Structures are given as C-alpha cells and as structure tokens.
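# Overview (structure and organization)
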Amino acid sequence: MSSKQKVGVVIAAAGSGERMGEVDKMFALLGGKPVLVRVVDVFQSCDLIDQVVVVVSKQSLEKCRQLGTEQAWSKVADICPGGERRQDSVAAGLNRIRDCHWVVIHDGARPLVTEDLIRRGLVEAEETGAAVAAVPVTDTIKVAGDDRLVQHTPLRDNLWAVQTPQVFRFDMITEAYRRVKAEVTDDASLVEQSGYKVKLYMGSYDNIKVTTPDDLALAEVLWQKHGK
Ligand code: CTP
Ligand code: MG
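Described below are features of the structure shown in this document. The shown structure was predicted, so the numbers you read here are calculated from the model rather than taken from an experiment. Along every chain, residues carry numbers that run from 1 in the direction the sequence is written. Chain A is the first chain written and ligand 1 is the first ligand written, with later ones labelled in order. At least 70 in pLDDT is required for a residue's local features to be given in this predicted model, at least 80 for side-chain atom pairs to be given and counted, and no such filter applies to totals for whole chains, interfaces and linings, which use all residues. With hydrogens and water set aside, each side-chain value is computed from the structure's full complement of heavy atoms.

### With respect to the pattern of salt bridges
Proximity of charged atoms lets side chains of opposite charge pair with each other. Rules: When a carboxyl oxygen of Asp or Glu is within 4 Å of a side-chain nitrogen of Lys or Arg, the pair counts as a salt bridge. A run of DSSP states H or I qualifies as a helix once it reaches four residues; a run of E qualifies as a strand once it reaches two. Both are numbered from the N-terminal end. Relative accessible area decides the class of each residue, using a 1.4 Å probe on protein chains only: under 20% of the type maximum gives buried, over 50% gives exposed, and in between gives partly exposed.
Under the defined criterion, the tally for this structure stands at 13 salt bridges. Among the ionic pairs, Lys199 bridges to Glu127, the shortest N-O distance being 3.5 Å. Placement of the pair is Lys199 in strand β11 (residues 199–202) and Glu127 in helix α4 (residues 115–128), with a sequence separation of 72 residues. The class of Lys199 is partly exposed, set by a relative accessible area of 29%.

If you want it as structure tokens, here you go:
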C-alpha cells in the first residue's frame, strides 16, 4: 500500500449490550482498563492508522468524550452517536471519516484485536479492495427451517466464522452503504451485495467478541495469555 494512502478506522461501539445484562460491556474492565479504551489504544498505537472515529450510544457519549480527554488519543478525530442497528452506527462513523483511501471497521466489543490483524487486513485488501478477518469454523454447521428440520449440511471446509477488522477501500464501502438498505450482520455483506469481491484472511480464535459475561471472563484469560 502506498504510504500516502490514508487509513481511517470506524469503531462500532454503540450497541446496547443486552446479552451482557447489567454491565455496560464497553466500560467493563479488561486488564484494569475499559474494553473500549483497550480497543482504541490498539489503533492509536498502530503506525498504519491515521484517523479514528469512535461511535457510541447516545447515553455513553459524554462518558466516552470524557475518557477521550483523559487518554492521549491524538488520532481520534471524532466520537459520535450511533444508530438503531449496527449498520446505522457504522454509517454514522463513515460520515465522519475525512480524506481516507482505506477504512478499517472494527467492533468495539473485540478488545483482543492486534496490530498484526490490522496490518494483514490492509495488505490483503489491496487485491480486491475488501478483506475480512475470519477463522475456519470448528463445529459442524447445519441449515434448518423454522420447523428445525435439517435442510442441508454444508461442507465444513468451506465455512468461515467472520470477525472484524473488516477493511475496505473507502469509495467501495461508502457506495455499498448508499446502495444497500437491507439489514445485514456485517459490513462485508453490503459490499458483496453491491457485486464486489471480498477476500477472507486468517483472523484469530482469540479475537473474540465480548457478548456475554462468560466472554468477559474469557477475554481476561486471553489478555493475560498475551502477556499484556
Ligand atoms: N453496535 C453498534 N451499534 C448498534 C449495535 C451494535 O455500534 N446499534 C456494535 C456493538 O457496540 C458491538 C458490535 O456492534 O461492538 C457488535 O455487536 P454486538 O456484539 O451484538 O453488541 P451489542 O449489540 O451491544 O450487544 P447485544 O446484541 O447483546 O445487545
Ligand atoms: Mg447486537
């Protein structure tokens, strides 16, 4: 990638964290610091990143802006409110990205992201303009109807569990967001539906999404494992 091509990041952290219960997962502590701070710190200290936009819920906006003033987040250009669905939050973040050729979209709930995952995503995205971290699934996956009768069992060798970071050429992802309005569960789906090719690259089984209280406990173990 040309060193002149700027890289922006949208951190989607505006969910309501319902499956976590009482605890606000973005502010839950991991290795003694809030999950959201752990995530932003990885991008802040990554040389490849120029600009970061953090998208948080309206209720967390003030708290997060306060955090931003306490941390030395020189790359954080904006902390803005998200929307109803994840894709509405990402769209709000994309609107705040300025003059970037590439954009990395990342879940605020994945604090085990590493500089290596970001770097490899940016390298892999050069070929098609879109690259997504993913790991081979370890369980057998079945497709069933509403009646729970199995319709078919896809070959496991071809199945990947998709994560973030998801890296896109800025023009590609913004066009996809303009064109596709259907509800999706990841950003790459919009790019795929716009007819572009998306490349999967090897993510990490440790790059978990903190969804339930058990995940938070696991994240803490993984944090220690990585010697952080
Ligand atoms: N997210 C977002 N805006 C939304 C919904 C989700 O920015 N309207 C973000 C979450 O903050 C999270 C990521 O998307 O970092 C993945 O979503 P998920 O793990 O489902 O988190 P929540 O939606 O917060 O949790 P839940 O579904 O349990 O309510
Ligand atoms: Mg959710």
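### Brief notes about the site of ligand 1
Spelled out, the test is: If a single non-hydrogen atom of a residue is within 4 Å of a molecule or strand, that residue counts as near it. In protein, a polar contact means a hydrogen-donor-capable atom and an acceptor-capable atom, both N or O and within 3.5 Å, with residues adjacent in sequence counting only if both atoms are side-chain atoms; elsewhere, any N or O pair within 3.5 Å suffices. In these tables, accessible area is a Shrake-Rupley quantity obtained with a 1.4 Å probe, and a residue counts as shielded only by the protein chains included in the view. When residues are grouped by polarity, Ala, Val, Leu, Ile, Met, Phe, Trp, Tyr, Cys and Pro land in nonpolar, Asp, Glu, Lys and Arg in charged, and all others, Gly among them, in polar.
Not every one of the 19 residues close to ligand 1 is listed here, only the nearest: Ala12, Gly17, Glu18, Ser89 and Lys209. Between ligand 1 and the protein, one listed contact pairs an oxygen atom with a backbone N or O atom of Arg19 at 2.8 Å. One of the side-chain N or O atoms of Lys25 is found 3.0 Å from an oxygen atom in ligand 1. For ligand 1, whose free accessible area comes to 560 Å², the fraction covered by protein is 87%. Listing elements by their share of the shell around ligand 1, those giving two or more residues are β1 (7–13) and α3 (86–96). Looking at the shell around ligand 1, its residues break down into five nonpolar, six polar and eight charged.

### Quick word on a nonpolar patch on the surface
For the record, the criterion: Residues qualify for a patch when their relative accessible area is over 30% and they have no salt bridge, like charges being joined within 9 Å and the nonpolar side chains of Val, Leu, Ile, Met, Phe, Trp and Tyr within 5 Å.
On the surface, a cluster of nonpolar side chains totalling about 320 Å² of accessible area is made up of Trp160, Val162, Leu200 and Met202. When contributions to the nonpolar patch are tallied by element, the ones reaching two or more residues are β10 (160–169) and β11.

### Comments concerning the pairing of strand β4 (residues 51–56)
Counted only if it meets this: A pair of strands counts as paired when DSSP detects no fewer than two bridges linking them. Orient the strands so they point away from the viewer, and a crossover whose first-strand-to-second-strand path over the helix runs clockwise is right-handed.
Burial runs high along β4: six of the six residues are buried. Alignment of β4 against strand β5 (residues 76–81), held across five bridges, turns out to be parallel. What sits directly across from Val54, in β5, is Ile79. Crossover β4 to β5 through helix α2 (residues 61–70) is right-handed.

### Regarding the nonpolar core
Considering soluble globular proteins, one finds that nonpolar side chains tend to be buried as a cluster. The cut-off we apply is this: Only buried residues count toward a nonpolar core, which is a set of Ala, Val, Leu, Ile, Met, Phe, Trp, Tyr and Cys residues joined through side-chain atoms within 4.5 Å. In this description, contact between two residues means that some pair of their heavy atoms is separated by no more than 4.5 Å.
Counting 35 residues, the largest nonpolar core has Ile11, Leu36, Phe43, Ile49 and Val54 as the members making the most contacts within it. Counting only elements with at least two residues in this core, the list comes to β1, α1 (35–44), β4, α2, β5, β6 (102–107), α4 and β7 (130–136). It is α1 that contributes the most residues to this core, six residues altogether. If we ignore the near neighbours within four places in the chain, the residues touching Ile11 are Leu36, Val39, Val40, Phe43, Val52, Val53, Val54, Val55, His106 and Gly108. Among the nonpolar cores identified, the runner-up in size contains 24 residues, and Ala12, Cys80, Leu94 and Ala176 belong to it.

### Concerning the environment of Leu200
In this fold, Leu200 is placed in strand β11. What makes Leu200 partly exposed here is its relative accessible area of 33%. Residues Leu200 and Cys100, 100 residues apart in the sequence, show an inter-C-alpha distance of 22 Å. Once residues lying within four places of it in the same chain are set aside, the contact partners of Leu200 are Val132, Ala134, Trp160 and Val162.

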